[in-house]
Amino acid sequence: MALVFEILTAYGRMWRAMGHPDVLRLATRARNVRSLPRVDDPLEHLVARRLGKVVGKVLRMLPTHSRCLIRSLVLVRILSRRSIPCTLVIGVRKESDFQ
């Protein structure tokens, strides 16, 4: 339950920040959290994947349009709190029917 609260709190903070047009600043803001001390864990990529799935499931239940950018920013924030390194990659399609 604490993880769901953490995800929803991160979502609220990132949703309010989404009005800023600078994506790099959004990513910096997502990483700007108090984090735990870094511990080398050979299975941290599995933890990161599991957290990504949980973030997706929790945000899917919200009655808002949680596009991939906000989901990604929430996950970056969650991973940063756990000192798990991550990279935010943004892709853009040129077609006019992009959704």
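Refer to the preceding data block for the structure.
Residues numbered from 1 in each chain as written. Predicted model: local features only at pLDDT ≥ 70, side-chain atom pairs only at ≥ 80, totals over all residues. Heavy atoms only, no water.

K.L.:
Please provide a residue-by-residue account of the overall build of the protein, values included.
P.N.:
Helix and strand counts for the protein stand at four helices and zero strands. Taken over 99 residues, the protein has a buried fraction of 29%. Look at the contacts in the protein between residues 6 or more apart in sequence, and 77% of them connect residues 24 or more apart. Accessible area of the protein: about 7,600 Å², with a carbon and sulfur share of 57%. Mean positive and mean negative side-chain charge positions of the protein (19 and 7 charges, respectively) differ by 7 Å. (Helix = DSSP H or I, 4+ residues; strand = E, 2+ residues; numbered from the N terminus. Buried < 20%, exposed > 50% of the residue type's maximum accessible area, 1.4 Å probe, protein only. Contact = heavy atoms within 4.5 Å. Areas by Shrake-Rupley, 256 points an atom, 1.4 Å probe, with all protein chains shown as cover. Lys, Arg positive; Asp, Glu negative; His and termini not counted. Charge placed at Lys NZ, Arg CZ, Asp CG, Glu CD.)

K.L.:
I'd like a rundown of the packing of aromatic side chains, residues and numbers included.
P.N.:
Under the criterion given, the structure shown has one aromatic pair. Between Tyr11 and Trp15, the aromatic rings sit 5.9 Å apart at their centres with planes inclined by 20°, giving stacked as the arrangement. Taken together, the positions of Tyr11 and Trp15, both in helix H1 (residues 2–17) and four residues apart, correspond to about one turn of that helix. Judged by relative accessible area, Tyr11 falls into the buried class, the value being 8%. (Phe/Tyr/Trp six-rings, centres within 6.5 Å; stacked < 30°, edge-to-face > 60°.)

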